[in-house]
Amino acid sequence: MSTIPRNQWYVAAYGSEIRNELFARTICDEPILFWRTEAGEVVANSDRCVHRRFPLSQAPSRLVDDKVVCGYHGFTYGADGKCVAVPGQTRVPRTARLTPYPVVELDSLVWIWIGDPALADPTRIPRASYLASPDYTTVRGLEPLAARFSLLVDNLLDLSHETYLHGGYIGTPEVASTPISTEVDDEAGVVYVSRHMDDAECPPFYSRSTGLQGRIARWQDIEYTPPCLYKLHSRIAPVGSVPNPDGTDPDAFHVEVVYAITPETEHSTHDFWMVARDFALGDEEVSAFLAENNRTVVLQDVEALDVLEQVIRREPEGYQELSINIDTGGLAARRMLARMVGQAPRNAPAAPTR
Amino acid sequence: MSTIPRNQWYVAAYGSEIRNELFARTICDEPILFWRTEAGEVVANSDRCVHRRFPLSQAPSRLVDDKVVCGYHGFTYGADGKCVAVPGQTRVPRTARLTPYPVVELDSLVWIWIGDPALADPTRIPRASYLASPDYTTVRGLEPLAARFSLLVDNLLDLSHETYLHGGYIGTPEVASTPISTEVDDEAGVVYVSRHMDDAECPPFYSRSTGLQGRIARWQDIEYTPPCLYKLHSRIAPVGSVPNPDGTDPDAFHVEVVYAITPETEHSTHDFWMVARDFALGDEEVSAFLAENNRTVVLQDVEALDVLEQVIRREPEGYQELSINIDTGGLAARRMLARMVGQAPRNAPAAPTR
Amino acid sequence: MSTIPRNQWYVAAYGSEIRNELFARTICDEPILFWRTEAGEVVANSDRCVHRRFPLSQAPSRLVDDKVVCGYHGFTYGADGKCVAVPGQTRVPRTARLTPYPVVELDSLVWIWIGDPALADPTRIPRASYLASPDYTTVRGLEPLAARFSLLVDNLLDLSHETYLHGGYIGTPEVASTPISTEVDDEAGVVYVSRHMDDAECPPFYSRSTGLQGRIARWQDIEYTPPCLYKLHSRIAPVGSVPNPDGTDPDAFHVEVVYAITPETEHSTHDFWMVARDFALGDEEVSAFLAENNRTVVLQDVEALDVLEQVIRREPEGYQELSINIDTGGLAARRMLARMVGQAPRNAPAAPTR
């Protein structure tokens with residue numbers, strides 16, 4: 001049985017990836033064809049000719065005047081997926097239509113609805129408006145992950161791994177040793193995990209980008225909206241500094257780390273990562289440093305999770321993990337995801353082992 | 001369940017491929033060992049020592065005086081498959097025998113019977129005598145296809161794809177737009193598909209080989225004898241020229257395009273292709289041009305069909321294609337093949353969608 | 001159903017492979033972590049963190065003061081497998097423990113018990129004391145074999161294959177043509193196969209290492225203790241020479257060829273090979289010659305058995321081999337192995353076909 005929730009919005013691409021040309025990506029095991037129309041709208045349809053299954057993204061298929069012409073026998077489809085021409089006859093069968101997907105471009109991201117189109121409600125798409133805001137500068141990337149998406153959810157919900165897997169980049173001893181607080185909003189469908197380190201070592205990732213030296217206050221506030229959008233509000237400030245009662249926070253540096261966790265197949269994932277900051281805006285050197293360092297950190301995760309996927313695939317049936325306090329957020333996320341696919345959570349006790 | 005018909009003749013090799021040395025090829029999922037005896041006869045036996053399964057085509061196995069000696073423990077077999085020597089004892093077990101296959105060399109092709117040898121009737125082998133005729137010059141090749149054989153049958157029975165997949169080689173707009181006529185001879189087990197273009201663009205494949213320029217009469221008469229032999233009688237002539245009532249046709253150029261479609265496994269195929277012509281006999285330049293161009297066209301098909309095989313293997317159960325008039329011949333061929341394996345045709349309606 | 005016997009001792013490694021650092025090897029489908037403690041003892045534990053399955057042999061996991069620290073979240077384990085530290089809390093869950101494996105280092109080999117630790121009896125480990133004796137010089141190696149372990153057992157129990165697969169190295173016509181005698185000691189769990197060639201060609205392997213030329217007496221006495229330890233006592237002497245009644249044998253050269261046959265998975269094997277000799281002790285040139293030649297012979301077997309594994313995986317259900325007199329020892333070994341896993345022997349008749 002699939003572990004991928006359907007009837008959900010997923011990030012399919014960065015808006016900048018989709019131009020007025022054929023673009024293919026598999027989302028939740030469905031091969032999908034994208035293009036941006038001449039009018040500037042992103043459209044998505046099943047990437048398979050209804051005639052003999054040829055992928056419409058595959059050369060010599062081509063886009064002509066906002067219509068895609070199949071490279072095998074010339075079946076031709078409009079942006080809405082309807083077939084408008086077939087070879088050898090003028091009559092086009094009524095049922096000749098690609099499956100169109102609901103698509104919304106928002107906050108620099110292309111969101112796609114996987115499931116019953118009648119249920120697609122764009123107001124349910126979680127927001128990350130700073131990604132398209134002039135008050136922030138954002139770097140971003142996309143890495144292929146040869147592991148099921150839930151392993152990336154586990155990874156991001158438990159940042160204690162920064163100390164070990166990402167030592168020398170974003171990990172310091174305090175991340176693993178500082179207790180977390182976890183909150184679950186089942187109504188809104190959000191898991192919150194907070195770790196406030198009030199007197200911590202400043203890792204290279206932040207000292208080189210902010211200029212802060214020595215001990216810092218470092219707050220990590222996670223906000224995960226299953227299945228796809230993960231936001232880490234990272235606050236770096238001099239020790240003792242706290243935000244003002246009105247919410248302003250002039251002494252602090254804010255970094256919004258965003259992941260879009262999109263299943264490609266049951267066993268592979270599109271790992272979209274973004275780092276938005278409210279300082280050193282437009283500073284190319286800081287941008288390059290943060291992009292390269294965050295990519296390094298993401299690739300450390302990818303390497304580890306690719307290994308875990310193989311471990312899981314070879315392990316005997318019924319293998320049981322052991323969970324502890326740091327896993328509270330991850331287990332809450334698993335429960336939400338399990339409800340979304342209508343099953344019990346992946347072999348994990350409801351509460352951590354005490 | 002297998003989709004490969006048994007109790008059928010298949011082309012195993014070109015005669016020129018089999019010399020007085022060990023030669024292995026898998027046909028219909030059966031690993032088979034061939035060699036040409038010193039007397040010049042092609043023999044075929046199962047390519048697996050009866051003792052410990054070592055492939056007899058695998059070094060250090062070797063052919064000595066028309067006997068094959070297994071490279072593992074030295075079991076030795078004659079051309080008829082009978083074991084004549086074993087190690088450590090002089091008595092050879094009665095049951096020690098390779099499985100021999102009925103083989104016929106005809107029209108430059110090595111035909112093999114896959115199934116019950118008692119049913120093998122050489123008179124049922126379909127002919128293509130021009131392949132070995134001095135009145136024709138033939139070029140040929142063999143490409144490995146990582147797709148089930150029925151995808152190549154579909155491909156060749158519907159030549160409207162020439163316009164799209166082979167544009168610039170053999171495809172022109174008229175191929176896709178000209179209606180076809182289809183005829184099925186269930187008695188003889190042949191599907192005929194004809195497309196007569198009486199005033200068509202001359203594609204480079206024919207203009208450069210015949211010297212004809214501008215508009216031409218181009219007739220395509222397909223004769224497919226499932227499962228293996230596909231013949232395309234291609235007639236190229238000046239516009240308005242027709243054959244004489246007595247069958248002679250001096251103004252026309254005739255090209256016989258032959259494919260032997262032999263399953264290697266359930267999901268791979270030996271794609272034998274031949275192009276025989278009745279003009280420019282022995283002209284090396286024309287031969288080289290036709291060979292290179294036809295190989296290019298075959299590789300375009302191979303690339304497309306390899307993709308389709310992967311699409312089919314990943315698609316959900318019960319996926320339905322949509323068929324139109326151009327598919328009439330292909331659907332007829334599917335029905336014949338389905339009857340040969342005793343099942344309903346691969347998910348296709350009995351008639352095209354109107 | 002698995003064909004790998006459990007509740008058995010297997011060679012996991014050469015003692016020299018295990019140092020005071022993390023070392024991983026899969027034995028009988030179980031991923032296992034080894035290290036040699038600072039006190040010099042080899043320890044073995046399951047190679048999977050109890051928390052989120054991260055392999056403890058995988059960087060950035062590391063060994064610190066005889067404790068292994070998981071590279072993902074820092075779970076820390078002692079040499080006995082007990083967890084001594086976890087992130088974010090001081091309390092370590094009682095159940096947090098790796099699975100420890102019984103290990104014995106003996107005769108230069110690291111033996112591991114696969115199965116119920118309560119049944120592990122070190123006195124049942126078969127011996128090969130010459131491997132660690134100053135009266136012998138030993139060369140050795142380890143080759144990965146992409147074939148089930150039983151194919152290597154078959155191979156080594158029937159040395160008639162030397163004549164064909166290893167001609168020019170250790171094979172001569174006499175090996176295949178000399179009858180064998182087979183003895184089975186079910187009590188002790190040993191299969192003996194003897195082939196005494198009293199007047200045989202001296203193969204290069206022995207002529208170049210012993211200096212003997214021309215015809216020799218060549219005795220091969222196999223002693224196989226299923227599942228893992230295979231010993232070939234090889235005696236090379238001038239024709240006519242026999243051991244003295246008191247067991248001394250001054251005119252002969254003795255070579256002890258040892259294989260440890262350890263399943264890695266159901267379809268792959270660790271092929272440990274050793275060649276111990278009682279002559280030319282310490283002679284580097286003889287050592288280099290024997291090592292290189294034996295490795296060549298082992299790789300000839302590996303290549304053949306890798307092919308057989310693929311043949312078996314593709315063959316139809318119920319395929320039957322044919323066995324003859326030379327297979328008596330191999331069939332006896334199969335019966336013992338089948339009893340160890342509680343099933344009938346792999347498709348082989350109880351007796352060879354006469």
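Residues numbered from 1 in each chain as written. Chains lettered and ligands numbered in written order. Predicted model: local features only at pLDDT ≥ 70, side-chain atom pairs only at ≥ 80, totals over all residues. Heavy atoms only, no water.

**A short note on the overall build of chain A**
Here comes step 1: Along the backbone of chain A there are 6 helices and 18 strands.
Here comes step 2: Relative to its length of 354 residues, chain A is compact, with a C-alpha radius of gyration of 22 Å against a globular reference of 20 Å.
Here comes step 3: Taken over the C-alpha atoms alone, chain A extends approximately 75 × 50 × 35 Å along its principal axes.
Here comes step 4: By the burial criterion, 57% of the 354 residues in chain A qualify as buried.
Here comes step 5: For chain A, restricting intrachain contacts to residue pairs at least 6 apart in sequence, the fraction spanning at least 24 positions comes to 58%.
Here comes step 6: Total accessible area computed for chain A in this model is approximately 14,100 Å², and 50% of it derives from carbon and sulfur atoms.
Here comes step 7: Counting 32 positive and 49 negative side-chain charges, chain A places the centres of these two groups 9 Å from one another. (Helix = DSSP H or I, 4+ residues; strand = E, 2+ residues; numbered from the N terminus. Rg over C-alpha atoms; globule rule 2.2 N^0.38 Å. Buried < 20%, exposed > 50% of the residue type's maximum accessible area, 1.4 Å probe, protein only. Contact = heavy atoms within 4.5 Å. Areas by Shrake-Rupley, 256 points an atom, 1.4 Å probe, with all protein chains shown as cover. Lys, Arg positive; Asp, Glu negative; His and termini not counted. Charge placed at Lys NZ, Arg CZ, Asp CG, Glu CD.)

**A word on the relation of the copies chain A and chain B**
Here comes step 1: If you rotate chain A by 120 degrees and push it 0.1 Å along the axis, it lands on chain B with an RMSD of 0.0 Å. Given the turn and translation reported, the copies of this chain are related as if by a three-fold rotation axis. Residue A:Arg313, judged by its C-alpha, is the member of chain A lying nearest the rotation axis, at 12 Å. (Least-squares fit on C-alpha atoms with pLDDT ≥ 70 in both.)

**Focus: the sheet that holds strand 1 (residues 8-14) of chain A**
All names here are of chain A.
Here comes step 1: Spatially, 1-11-10 is the arrangement adopted by the 3 strands of the open sheet, whose pairing is antiparallel. The outermost strands of the open sheet, each flanked by one partner alone, are strand 1 and strand 10 (103-106). Averaged over all adjacent pairs, the angle separating strand axes in this sheet is 30 degrees, with direction ignored.
Here comes step 2: Bridge count for strand 10 against strand 11 (residues 109-114) is 4 bridges, and the pairing is antiparallel. Looking across to strand 11, one finds that Val103 is bridged to Ile112. (Pairing = 2+ DSSP bridges. Axes fitted to C-alpha atoms, helices over the stretch in contact; angles between N-to-C directions.)

**Some words on the nonpolar core**
Here comes step 1: Of all hydrophobic cores here, the largest spans 103 residues; its most connected members are A:Phe75, B:Ile112 and B:Tyr230.
Here comes step 2: Broken down by element, the residue count for this core peaks at 10 residues, all from helix 5 (residues 284-314) of chain B.
Here comes step 3: Setting aside residues no more than four positions away along its own chain, B:Tyr230 makes contact with B:Leu156, B:Leu157, B:Leu159, B:Ile222, B:Glu223, B:Tyr224, B:Val257, B:Val258, B:Tyr259 and B:Ile261.
Here comes step 4: Counting residues in each nonpolar core, the second largest holds 102 residues, with A:Val139, A:Phe272, A:Phe279 and C:Leu33 among its members. (Core = buried A, V, L, I, M, F, W, Y, C linked by side-chain atoms within 4.5 Å.)

**What about helix 1 (residues 149-157) of chain B?**
Here comes step 1: Among the 9 residues in helix 1 of chain B, 9 count as buried, and that is most of the element.
Here comes step 2: When we look at burial in helix 1 of chain B, the residues that qualify are B:Phe149, B:Ser150, B:Leu151, B:Leu152, B:Val153, B:Asp154, B:Asn155, B:Leu156 and B:Leu157.

**Describing the interface of chain A and chain B**
Here comes step 1: The partner chain B presents 33 residues to the 25 residues of chain A that form the contact.
Here comes step 2: With both chains or domains summed, chain A and chain B bury close to 2,400 Å², and 57% of this area falls on carbon and sulfur atoms.
Here comes step 3: Sorting the residues of chain A by area buried against chain B places A:Arg52, A:Arg53 and A:Tyr72 first, and these three jointly supply 34% of that buried surface.
Here comes step 4: Where chain A packs against chain B, one counts 4 salt bridges.
Here comes step 5: A salt bridge links A:Arg52 to B:Asp327; its shortest N-O distance comes to 3.5 Å.
Here comes step 6: Viewed at the interface, chain B and chain A are joined by 13 residue pairs in polar contact (both at pLDDT 80 or more). (Buried area = accessible area lost by both parts, 1.4 Å probe. Salt bridge = Lys/Arg side-chain N within 4 Å of Asp/Glu carboxyl O. Polar contact = N/O pair within 3.5 Å; in protein donor to acceptor, adjacent residues only side chain to side chain.)

**Focus: the environment of C:Glu315**
Here comes step 1: Looking at the element boundaries, C:Glu315 is found in the loop between helix 5 (284-314) and helix 6 (328-340).
Here comes step 2: Remark: the alpha-carbon pair of C:Glu315 and C:Leu157, spanning 158 residues in sequence, is separated by 24 Å.
Here comes step 3: Looking at C:Glu315, its side chain comes within polar contact range of the side chain of B:Arg53, at 2.8 Å.

**What to know about the pattern of salt bridges**
Here comes step 1: Within the structure shown, the criterion is met by 57 salt bridges over all chains.
Here comes step 2: Across the pair A:Arg52 and B:Glu321 runs a salt bridge, and its minimum N-O distance is 3.1 Å. Here B:Glu321 lies in the loop between helix 5 and helix 6 (328-341) and A:Arg52 lies in the loop between strand 4 (42-46) and strand 5 (62-64), a pairing that spans two chains. This pair shows no difference in class: A:Arg52 is buried, exactly as B:Glu321 is.
Here comes step 3: A salt bridge links C:Glu315 to B:Arg53; the shortest N-O distance between them is 2.8 Å. Note that C:Glu315 is positioned in the loop between helix 5 and helix 6 and B:Arg53 in the loop between strand 4 (42-46) and strand 5 (62-64), a pairing that runs across two chains.
Here comes step 4: A network of salt bridges, in which partner residues are shared, links A:Arg52, A:Arg53, B:Asp154, B:Glu315, B:Glu321, B:Asp327 and B:Arg334.

**Quick look at the sheet that holds strand 2 (residues 23-27) of chain B**
Residue and element names in this part refer to chain B.
Here comes step 1: The 3 strands are arranged 2-3-4 in an open sheet whose pairing can be described as antiparallel. Both edges of this open sheet fall to strand 2 and strand 4, since each of them pairs with a single strand only. Taken pair by pair, the neighbouring strands of this sheet meet at an average axis angle of 35 degrees, ignoring direction.
Here comes step 2: Of the pairings in the sheet, the one linking strand 3 (residues 30-36) to strand 4 comprises 5 bridges and is antiparallel in character. Its bridge partner being in strand 4, Phe34 is matched across the sheet by Ala44.

**Focus: unusual backbone geometry**
Here comes step 1: Between A:Ala59 and the following residue, A:Pro60, the backbone shows a cis peptide bond with an omega angle of 5 degrees.
Here comes step 2: Residue C:Pro227 is reached from C:Pro226 by a cis peptide bond, and omega for that bond is 5 degrees.
Here comes step 3: For C:Pro227, the position within the fold is in the loop between strand 14 (215-225) and strand 15 (229-238).
Here comes step 4: Its identity as a non-glycine residue notwithstanding, A:Cys28 has a phi of 50 degrees, on the positive side.
Here comes step 5: Positionally, A:Cys28 belongs in the loop between strand 2 (23-27) and strand 3 (30-36).
Here comes step 6: A:Cys28 sits in the buried class, given a relative accessible area of 6%.

**Things to note about the UniProt feature "domain: Rieske" (unreviewed entry) in chain A**
Here comes step 1: Within the UniProt annotation, "domain: Rieske" (unreviewed entry) is assigned to residues 9-112 of chain A.
Here comes step 2: Split by type, residues 9-112 of chain A is 0% helix and 42% strand. Its first and last C-alpha atoms lie 5 Å apart. (UniProt positions renumbered as here; feature names shortened; annotations may be inferred.)

**Some words on the packing of aromatic side chains**
Here comes step 1: On inspection of all chains with the given rule, the structure shows 24 aromatic pairs over all chains.
Here comes step 2: Measuring from ring centre to ring centre gives 5.7 Å for B:Phe54 and B:Tyr72, while their planes differ by 50 degrees; the resulting arrangement is tilted. One end of the pair, B:Phe54, is in the loop between strand 4 and strand 5; the other, B:Tyr72, is in the loop between strand 6 (67-69) and strand 7 (76-77), and 18 residues separate them in sequence. Residues B:Phe54 and B:Tyr72 agree in their burial class; the two are buried.
Here comes step 3: Taken together, a centroid distance of 5.8 Å and an interplanar angle of 70 degrees make the contact between B:Tyr230 and B:Tyr259 edge-to-face. A residue pair is termed long-range when its members are at least 10 positions apart, and B:Tyr230 in strand 15 (residues 229-238) and B:Tyr259 in strand 16 (residues 253-265) qualify at 29 residues.
Here comes step 4: A cation over a ring is seen here: C:Arg48 above A:Tyr319, with NZ or CZ 4.4 Å from the ring centre. (Phe/Tyr/Trp six-rings, centres within 6.5 Å; stacked < 30°, edge-to-face > 60°. Lys NZ or Arg CZ within 6 Å of the ring centre and 35° of its normal.)

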